[in-house]
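Here are the chains, one letter per residue:
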Amino acid sequence: MANVVVVGAQWGDEGKGKLVDWLSERADVIARFQGGHNAGHTLVIGGQVYKLNALPSGVVRGGKLSVIGNGVVLDPWHLVNEIAKIREQGVEISPETLMIAENTPLILPFHGELDRAREEAASKGTKIGTTGRGIGPAYEDKVGRRCVRVADLADEATLIARVDRALQHHDPLRKGLGIEPIDRTALIEKLKEIAPQILPFAAPVWKVLTEKRKAGKRILFEGAQGALLDIDFGTYPFVTSSNVIAGQAATGVGLGPNAVDYVLGIVKAYTTRVGEGPFPTELDDETGNRLGTRGHEFGTVTGRKRRCGWFDAALVRQTAATSGMKGIALTKLDVLDGFETLKICTGYELDGEVVDYLPTAAEAQARCTPVYEELEGWSESTEGARSWAELPAAAIKYVRRIEELIDCPVALLSTSPERDDTILVTDPFAD
Ligand code: IMP
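Residues numbered from 1 in each chain as written. Predicted model: local features only at pLDDT ≥ 70, side-chain atom pairs only at ≥ 80, totals over all residues. Heavy atoms only, no water.

Colleague: Explain the overall build of the protein residue by residue, including any values.
Modeller: Along the protein, the regular secondary structure elements total 12 helices and 18 strands. Its C-alpha atoms give the protein a radius of gyration of 22 Å, within 12% of the compact-globule value 22 Å for 431 residues. Principal axes of the C-alpha set define a box for the protein whose edges measure 65 × 50 × 35 Å. Of all intrachain contacts in the protein linking residues separated by at least 6 positions in sequence, the fraction that spans at least 24 positions is 76%. (Helix = DSSP H or I, 4+ residues; strand = E, 2+ residues; numbered from the N terminus. Rg over C-alpha atoms; globule rule 2.2 N^0.38 Å. Contact = heavy atoms within 4.5 Å.)

Right, dumping it as structure tokens:
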């Protein structure tokens, strides 16, 4: 019985939400394993739009178990609001359908404040362009062994001790940034107030999932962000603060690496990025604007305009390798409809030589210029296509060339935000 990991193969916003939703029909459990409410997953089901940040996309499907794993950082106030909004849309959420790992670190209000204060104080070139939601500072506290975790909410004395430990670190830091000290009493009260709304969902997720696996249930691991934002393998330091690549799926819920059978990379047919950092194929011109307008490229979390550019096969070849992708789901091909010619980046020219991957050193990255291959475009619409036969020959050629260059086959092709506009080549769960 295959378990599938879905990861973004670029800088996020590849359209994971739709694919996760599509695949979730074949799964019993849907688990988030990293990131937090910096993610924005939009699902369109029968014309109804659901916007999720922290909740796994599986919650909108009845009869599935959704899991928030220990690899996630969780803002309890945001979660409670998100649950309320989704319930208003008629979705049922209960401790039977949603579980949160007891060892999940919490994002507290001062994490967001610190995140934003640092960004404001950053000089040109050092700003990350974060979502401002406290993700980085919360992960710092996790590895610094001073965070409050979900299980700590159950006991007042433990909770106070954890808060005090965090404050010991944060108050001097805030002083240096000119921010007033944390109101300890108010924070403890706030946490005590939210605790009864979070604790019913708390569970030993590693144990529940182990039992589910023994019972032959299928798990869909839902990644957030994209592999180029990975803390180790992304365009550091312009990355998010978690491991985004597929290897994190097992650690982020408490299972061994053999729990993962198939890694599906979600790949947009061109490239986008929000926030700062290198982007070799970025188009700061009319073509870039056209991609952004046709693709509705605005951040779901911050509303920021996404930077757009040609498809970078060198980078996706790299993420396909670091995540061990067995297949990809290609999305938003229709955004390329009507272009006379299209370009794909196959590598970079660096000091007169061609390299087939993006070097790690920032200074070398800055000296890289993309090497492009030009392909013929197509004038027909590919939107809503449900079989290969409905695609123009030039579009098929473009897809096939991507497969060759990234060394990974297309398993699914998504041709609109609607779940049924999907062409299935290989079923990841059956592979
Ligand atoms: P943080 O995750 O808020 O710390 O932001 C770090 C970087 O990751 C910034 O460039 C963000 O724009 C980017 N980022 C975080 N989450 C997402 C996402 O879900 N999609 C795309 N970019 C993201």
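Colleague: I'd like a rundown of the site of the ligand, residues and numbers included.
Modeller: The environment of the ligand is made up of 16 residues, and the closest members are Asp13, Asn38, Thr131, Thr240 and Arg304. At 2.6 Å, a side-chain N or O of Thr131 approaches an oxygen atom of the ligand. Contact distances for the ligand include 3.2 Å between a nitrogen atom and a side-chain N or O atom of Gln225. Considered on its own, the ligand offers 470 Å² of accessible surface; in the complex 96% of this is hidden by protein. For the shell around the ligand, the per-class residue count stands at 6 nonpolar, 8 polar and 2 charged. (Near = heavy atom within 4 Å. Polar contact = N/O pair within 3.5 Å; in protein donor to acceptor, adjacent residues only side chain to side chain. Areas by Shrake-Rupley, 256 points an atom, 1.4 Å probe, with all protein chains shown as cover. Nonpolar A, V, L, I, M, F, W, Y, C, P; charged D, E, K, R; others polar.)

Colleague: Go over the domain arrangement of the protein with me, naming the residues and quoting the values.
Modeller: Each assigned domain of the protein is listed with its residue range as follows: domain 1 (4–102 + 203–262), domain 2 (109–198) and domain 3 (267–430). Taking only C-alpha atoms into account, the centre of domain 1 sits 23 Å from that of domain 3. Residue-level contacts link 41 residues of domain 1 with 41 residues of domain 3. For the pairing of domain 1 and domain 3, the buried interface totals around 3500 Å² over both sides, and the portion due to carbon and sulfur atoms is 62%. The largest contributions to the domain 1 side of the interface with domain 3 come from Trp11, Lys18 and Tyr262, which together make up 23% of the buried area. (Domains from an automatic or database assignment. Buried area = accessible area lost by both parts, 1.4 Å probe.)

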